[in-house]
Amino acid sequence: MSEVRKAVVLLSGGLDSATVLAMARAAGFACHALSFDYGQRHRVELAAAERVARQLGVVEHRVVGVDLRAIGGSVLTGAGEVPKGGDEGTPHSESGGTQERGGTQNQIPVTYVPARTLIFLSLAAGLAEVVGATDLFVGVNAVDYSGYPDCRPEFIRSFEQTVNLATKAGVEGQRFRVHTPLIAMSKAEIIREGTRLGVDYGLTTSCYDPVGDLACGRCESCTLRRRGFEQAGVADPTRYAAISRRP
């Protein structure tokens with residue numbers, strides 16, 4: 001009997017990462033989920049990540065502390081208001097985003113956390129070396145995007161090359177692969193696929209500025225999430241404190 005392949009899956013507790021975890025499991029991987037307590041104002045996502053990890057049956061779920069407040073540069077880790085009702089300009093997913101389809105990068109929003117995906121993937125690669133995995137899964141997306149530079153497909157390809165050069169496993173001939181199964185999917189398509197795979201989206205959170213245990217309903221992440229459920233024809237289980245007037 002062949003050995004079950006292991007994978008490290010970045011799990012934020014949001015809709016996208018929960019779907020990626022379900023997809024990795026469906027592909028036959030034994031999943032090690034990795035979440036980060038990085039000083040985010042929406043720290044409730046860590047409880048969501050724990051719920052999702054239990055529901056989808058991971059091998060283990062680790063939460064690593066990396067206090068990005070020490071760097072600053074984002075309303076998610078410091079002072080300032082999270083834009084509401086379309087103030088930021090472009091919808092985004094909780095996993096970040098990419099450049100415009102035509103190749104012109106959007107203005108980078110204030111919710112961008114400097115080098116977040118770069119840091120998280122680097123630590124995921126470290127964990128992969130420890131547990132004997134060479135497959136990393138991350139929920140970046142090129143359809144619903146915000147222009148985050150560390151979530152572009154070009155970055156993912158570059159990181160994959162770098163991690164194979166910069167690790168003991170890579171030097172010894174093992175080939176790391178960074179899987180981005182959501183890269184070309186719309187939010188509605190992601191929700192349909194996750195629903196097919198049995199993801200309980202009521203366990204997840206996408207809000208960047210929650211009100212207690214409620215999603216604010218007005219930030220771009222909430223708007224994109226709600227629109228995705230509407231377009232997918234799937235009931236939205238999210239409990240919102242308010243609903244944005246943005247269509």
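Every value quoted in this text rests on a predicted model; they were computed, and no experiment measured them.

A. Spatial organisation of the packing of helix α3 (residues 116-131) against helix α4 (residues 153-165). Between α3 and α4, whose axes approach to 11 Å, the crossing angle comes to 35 degrees. The crossing of α3 and α4 is right-handed. In this structure, α3 uses Thr-117, Leu-118, Leu-121, Ser-122 and Ala-125 to contact α4, whose residues at the interface are Phe-155, Ile-156, Phe-159 and Val-163.

B. View of the packing of aromatic side chains. Summed over all chains, the structure comprises five aromatic pairs. Ring centres of Phe-29 and Phe-137 lie 5.2 Å apart, and the angle between their planes is 70 degrees; on these two criteria the pair is classed as edge-to-face. Of this pair, Phe-29 sits in the loop between α1 (15-26) and β2 (30-37) while Phe-137 sits in strand β4 (residues 135-137); the two residues are 108 residues apart in sequence, bridging distant segments of the chain. Of the two residues examined, Phe-29 and Phe-137, each falls in the buried class. Pairwise contacts between aromatic rings join Phe-36, Tyr-38 and Phe-120 into one cluster. Lying over the aromatic face of Tyr-240, Arg-226 brings its terminal NZ or CZ to 5.9 Å of the ring centre.

C. Just the layout of surface pockets, in detail. When its volume is computed, the largest pocket comes out at roughly 280 Å³. Forming the boundary of the largest pocket are 17 residues, of which Arg-51, Thr-204, Thr-205, Asp-213 and Arg-239 lie nearest the centre. It is helix α2 (residues 44-56) that contributes the most residues to the lining of the largest pocket, three residues altogether. When the residues that make up the lining of the largest pocket are grouped by side-chain class, the tally is eight nonpolar, five polar and four charged.

D. Expanded view of the pattern of salt bridges. Per the stated rule, a full pass over the model turns up eleven salt bridges. With its nearest N and O atoms 2.9 Å apart, the salt bridge here joins Asp-67 to Arg-69. Assessed through its relative accessible area of 40%, Asp-67 is described here as partly exposed. Across the salt bridge formed by Lys-84 and Asp-209, the nearest N and O atoms sit 2.9 Å from each other. Of this pair, Lys-84 sits in the loop between β3 (60-65) and α3 while Asp-209 sits in the loop between α6 (187-196) and α7 (220-232), and the two are 125 residues apart along the sequence.

Criteria and thresholds
- Chains are numbered independently. Their residues run from 1 in the order of the written sequence.
- It should be noted that, the model being predicted, local features are given only for residues of pLDDT at least 70 and side-chain atom pairs only at 80 or more, the latter also being counted only at that level, while totals for whole chains, interfaces and linings use all residues.
- Side-chain numbers here rest on the full set of heavy atoms in the structure, without hydrogens or water.
- To obtain an axis, a line is fitted to C-alpha atoms, over the contacting stretch when the element is a helix, and the angle between two such axes runs from 0 to 180 degrees between their N-to-C directions.
- Only DSSP runs of H or I reaching four residues or more are called helices, and only runs of E reaching two or more are called strands; each is numbered from the N terminus.
- Each crossing gets its hand from how the near helix is turned against the far one by less than a right angle, where anticlockwise is left-handed and clockwise is right-handed.
- Should any heavy atoms of two residues lie within 4.5 Å, those residues are counted as being in contact.
- Two aromatic rings, drawn from Phe, Tyr or Trp (for Trp, its six-membered ring), form a pair once their centres lie within 6.5 Å of each other, and the interplanar angle then sorts them: stacked below 30 degrees, edge-to-face above 60, tilted otherwise.
- Exposed residues in this analysis have more than 50% of their type's maximum accessible area, buried residues have under 20%, and partly exposed residues fall in between, with area computed by a 1.4 Å probe over protein chains only.
- Charge over a ring is defined by NZ of Lys or CZ of Arg lying within 6 Å of the ring centre and within 35 degrees of the ring normal.
- Cavity: a set of points on a 1 Å grid over the protein atoms alone where a 1.4 Å probe fits but cannot get out. Pocket: an open set with protein on both sides within 12 Å along at least five of seven lines, its lining residues, like those of a cavity, having an atom within 4 Å of a point.
- Grid points are joined across faces, edges and corners, and a volume is the space filled by probe spheres set on the points.
- Note on residue classes: Ala, Val, Leu, Ile, Met, Phe, Trp, Tyr, Cys and Pro are nonpolar, Asp, Glu, Lys and Arg are charged, and everything else, Gly too, is polar.
- Every case where a carboxyl oxygen of Asp or Glu lies within 4 Å of a side-chain nitrogen of Lys or Arg is listed as a salt bridge.

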